[in-house]
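# Working through the structure, step by step
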Amino acid sequence: MDLSLDHRSEGDRTILEVGGEVDVYTAPKLRERLVELVGEGHYKIIVDMTKVEFLDSTGLGVLVGGLKRVRSHDGTLALVCNQERILKIFRITGLTKVFPMFDTLDEALADTQ
Amino acid sequence: MLDVELRLPSDVQYVGLARLVVTVAARQAGMVDERVEDLKIAVSEATTNAIVAHQQYSSSSPVILRFGPTSGGSFEVTIVDAGPGFQPQTPEAAAEKDLSTEGGLGVTLIRGLADDVRFLRGEGMKVHMRFAVGLEAEAG
């Protein structure tokens, strides 16, 4: 039920590794971390969701909020996700057209501008 | 017959408990893993909406979930809140949504994941969802 958040930098990119469950109870922590990162000047963010066990619309909303924040600084927010159960909710909500999405972190690092 | 009832305090920390209990019951009823994942998200969405409605309207009543297997290879969940209800929107792709707000995708997900869903407004809001236990009747 816990949410884990860990971030590190690779070049000018910031990788935010998210693990565990992202729902209405835990999503505020993810929102706070994204707000902090953008506030500290991290505008090219890759959210690595490889270790996410559960994500619902509250989590989607927080990611959309993060995307809007980085875009206001001409930044980017890309997602790494290779789990069908997570990808499915991005497809149903049409968010696959909104976020740059990658199967692996290496692909995201290679493609993110 | 929805033979199990779960009464939750209006606190979002209990959404995870609702997911856990309903999905264990669904597995016991023979639901395949892929469908359990659909059910888990839909229950999370509807329970979140119900608890948030109670918080917004300062309701001290519990949110009530009733669930269980039904004839015809389905598993059904009814989630009842005491809020004023809302008019569920027709499904809308996020690319066409106003993304200036962070909410509003929950009902889209419920409609996309459940095989059948009904939103019934009475003294509160009742969301009734049906899921096939197997894969063959999965909603697109």
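Within every chain, residues take consecutive numbers counted from 1 along the sequence as written. Note on labels: chains are lettered from A, ligands numbered from 1, in written order. Two thresholds apply to this predicted model, a pLDDT of at least 70 for residue-level local features and 80 or more for giving and counting side-chain atom pairs, whereas whole-chain, interface and lining totals are computed over all residues.

Turning our eyes to something else, we now look at the overall build of chain A. In terms of helices and strands, chain A carries four helices and five strands. A run of DSSP states H or I qualifies as a helix once it reaches four residues; a run of E qualifies as a strand once it reaches two. Both are numbered from the N-terminal end. Ordered by position in the sequence, the α and β elements of chain A form the string β-β-α-β-α-β-α-β-α. The globule rule used here is 2.2 Å times the number of residues to the 0.38 power, and the radius of gyration it is set against is calculated over C-alpha atoms. Here chain A has a C-alpha radius of gyration of 13 Å; the compact-globule value for 113 residues is 13 Å, and the two agree. Taken over the C-alpha atoms alone, chain A extends approximately 30 × 25 × 20 Å along its principal axes. A residue is called partly exposed when the number of other C-beta atoms within 10 Å of its own lies between 12 and 20, exposed at 12 or fewer, and buried at 20 or more, with C-beta atoms placed from the backbone. In chain A, buried positions account for 45% of the 113 residues. The contacts of chain A with a sequence gap of at least 6 include a subset with a gap of at least 24, amounting to 70%. Here, residues touch in the contact sense if the C-beta positions derived from the backbone fall within 7 Å of one another.

All names here are of chain A. Pairing between strands requires that DSSP locate at least two bridges from one strand to the other. Reading across from one edge, 1-2-3-4-5 is the order of the five strands in this open sheet, with mixed pairing throughout. Two strands close off the open sheet at either side, each with one partner strand: strand 1 (3–10) and strand 5 (101–102). Relative to strand 5, strand 4 (residues 76–80) runs parallel, the two sharing two bridges. Paired with valine 80 across the strands is phenylalanine 102, a residue of strand 5.

Right, let's get into helix 3 (residues 106–113) of chain B. Counted residue by residue, helix 3 of chain B has eight buried out of eight residues, so it is predominantly covered. Those residues of helix 3 of chain B not exposed but buried are B:Gly106, B:Val107, B:Thr108, B:Leu109, B:Ile110, B:Arg111, B:Gly112 and B:Leu113. Considering only its buried residues, helix 3 of chain B is in contact with helix 2 (57–71) and helix 3 (84–92) of chain A together with helix 2 (33–56), strand 4 (116–121) and strand 5 (125–132) of chain B.

Attention shifts here to the sheet that holds strand 2 (residues 63–70) of chain B. One key point about sheets: their strands pair by backbone hydrogen bonds, in either a parallel or an antiparallel sense. All names here are of chain B. Strand order in the open sheet formed by five strands is 1-2-3-5-4, and the pairing between neighbours is antiparallel. Each of the sheet's edge strands pairs with one partner strand only, and the pair in question is strand 1 (4–8) and strand 4. Strand-to-strand twist in this sheet, taken as the mean axis angle between neighbours without regard to direction, amounts to 15°. In this sheet, strand 2 lies alongside strand 1 in antiparallel orientation, the contact comprising five bridges. Within strand 2, the residue paired with leucine 6 across the bridge is leucine 65. Under this scheme, a helix contributes an axis fitted over its contacting stretch, all axes are lines through C-alpha atoms, and angles between N-to-C directions fall in the 0 to 180 degree range.

Glancing now at the nonpolar core. Throughout this description, the term nonpolar core refers to a group of buried Ala, Val, Leu, Ile, Met, Phe, Trp, Tyr and Cys residues whose C-beta atoms join them within 7 Å. Core analysis: the biggest nonpolar cluster contains 72 residues, and A:Val47, B:Ala42, B:Ile110 and B:Met129 have the highest contact counts within it. The biggest single contributor to this core is helix 2 of chain B, with nine residues. Beyond its immediate sequence surroundings of up to four residues, B:Ile110 is in contact with B:Ala42, B:Glu45, B:Ala46, B:Val117 and B:Met129.

Attention now moves to the interface of chain A and chain B. Listed as interface residues are 23 residues of chain A and, on the opposing side, 21 residues of chain B. Put simply, the parts of the chain that give the side of chain A that touches chain B at least two residues each are helix 2 and helix 3 of chain A. The element best represented in the side of chain A that touches chain B is helix 2 of chain A, accounting for eight residues. When the residues that make up the side of chain A that touches chain B are grouped by side-chain class, the tally is eleven nonpolar, six polar and six charged. Each residue receives one of three labels: charged for Asp, Glu, Lys and Arg, nonpolar for Ala, Val, Leu, Ile, Met, Phe, Trp, Tyr, Cys and Pro, and polar for the others, Gly being one of them.

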